[in-house]
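# Descriptive structure summary
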Amino acid sequence: MRIVLAGATGAIGKRLVLLLRKAGHHVVGTTRSTAKADALRAAGAEAVVVDVFDATVLTRAVSAARPDVVIHQLTDLPPGLDPGRMADAGPRNARIRSEGTENLVRAALASGARRLIAQSIAWMYAPGRQPYTEADPLDIDAQGARAITVAGVVALERLALTSPPLEGVVLRYGHLYGPGTGADRAEAPSLHVDAAAAAALLAIEKAHAGIYNIAEPGGYLSIEKARRDLGFDPSFRLEAQV
Ligand SMILES: NC(=O)c1ccc[n+]([C@@H]2O[C@H](COP(=O)([O-])OP(=O)(O)OC[C@H]3O[C@@H](n4cnc5c(N)ncnc54)[C@H](OP(=O)(O)O)[C@@H]3O)[C@@H](O)[C@H]2O)c1
């Protein structure tokens, strides 16, 4: 298939380019940087240099790629989630989830893409009985910094799931660790970056429109839907495959 991967140079994006290419997909990856565009080409993808906040250029670039599927792996977070740089990261990341997703959804619709797969997060559930399933409510009564994050997540998920005729698939990822994340472990719900990338690959053909929790098993979160529908395996590691 022809895939547009927005955020192809991020922690998940880099691993996903390798998996998509290995599966035989044609990948058009986005970055804002010409240097990273060269790295994308070296990894076997086509590269387009575009800022998601430039709606006109984005729409033109996505349409030119003629994608079957658009994958949204855009975030705006400091490398390794550097605590000294996290204060303004929340609002910036919320903006990419709301305005950035709106631009990407518009571009996907204009291109005629069939499916949109979007990265969300799995630790925004409202307090309630655990393990949380995809049917449980989000924490829309949160306060402070968490409220900003929840608002971004709600906007991203609504846009992804209610923009017909796009089939929207939302992957609610756990806390990442592994290559490119700056962490070799993460708090629950945790998720290795390779398993995160693998879930996006599986979602291309196996997901029904809707939401999937994607994380390692534990008391906090149920991942039964992803195991059942996608064949998601949280122990997947790329080194063994590529
Ligand atoms: N669920 C989680 O726990 C989770 C999820 C995501 C990230 N993180 C963590 O956050 C840290 C940083 O993540 P990251 O390395 O993936 O980097 P990042 O800075 O969050 O960037 C991710 C991707 O989004 C793209 N991007 C950002 N702003 C953009 C914009 N305005 N227009 C177009 N593209 C844009 C970047 O492209 P360019 O910079 O090439 O333009 C990159 O491909 C890492 O430690 C990672 O593990 C955690």
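The rules behind each value
- Residues numbered from 1 in each chain as written.
- Predicted model: local features only at pLDDT ≥ 70, side-chain atom pairs only at ≥ 80, totals over all residues.
- Heavy atoms only, no water.
- Near = heavy atom within 4 Å.
- Polar contact = N/O pair within 3.5 Å; in protein donor to acceptor, adjacent residues only side chain to side chain.
- Areas by Shrake-Rupley, 256 points an atom, 1.4 Å probe, with all protein chains shown as cover.
- Nonpolar A, V, L, I, M, F, W, Y, C, P; charged D, E, K, R; others polar.
- Axes fitted to C-alpha atoms, helices over the stretch in contact; angles between N-to-C directions.
- Helix = DSSP H or I, 4+ residues; strand = E, 2+ residues; numbered from the N terminus.
- Parallel < 35°, antiparallel > 145°, perpendicular 65-115°, else oblique.
- Contact = heavy atoms within 4.5 Å.
- Left-handed = near helix turned anticlockwise from the far one by under 90°.

This next bit is on the site of the ligand. Near the ligand, the surroundings consist of 27 residues, among which Thr9, Ala11, Thr31, Arg32 and Thr75 are the closest. Here an oxygen atom of the ligand sits 3.1 Å away from a polar atom, N or O, in the main chain of Leu77. For the ligand, a nitrogen atom lies 3.0 Å from a polar atom in the backbone of Gly174. With the chains in place, 92% of the 890 Å² that the ligand exposes on its own is no longer accessible. Its residues placed into classes, the shell around the ligand shows 12 nonpolar, 11 polar and 4 charged.

Let's shift gears to the packing of helix α4 (residues 89–111) against helix α5 (residues 144–161). The N-to-C vectors of α4 and α5 enclose an angle of 10°; their axes lie 8 Å apart at closest approach. One element, α4, and the other, α5, form an angle in the roughly parallel class. From α4, Gly90, Pro91, Ala94, Arg97, Ser98, Thr101, Glu102 and Val105 reach across to α5, where they touch Ile148, Thr149, Gly152, Val153, Ala155, Leu156 and Leu159. Considering only residue class, the contact of α4 with α5 consists of 8 nonpolar, 5 polar and 2 charged.

Here we come to the side chain of Asp76. Residue placement: Asp76 occurs in the loop between β4 (69–72) and α4. Side-chain polar atoms of Asp76 contact the side chain of Arg92, separated by 3.2 Å. Ignoring sequence-local partners within four residues, the contact set of Asp76 consists of Ala89, Arg92, Asn93 and Ile96.

Below, the discussion takes up the packing of helix α3 (residues 55–65) against α4. Here α3 crosses α4 at 40°, and the two axes come no closer than 8 Å. For the pair α3 and α4, the sense of crossing is right-handed. Each of Ala55, Leu58, Thr59, Val62 and Ser63 in α3 lies in contact with α4, whose residues at this interface are Asn103, Leu104, Ala107, Ala108, Ala110 and Ser111. Residues belonging to the contact of α3 with α4 are distributed by class as follows: 7 nonpolar, 4 polar and no charged.

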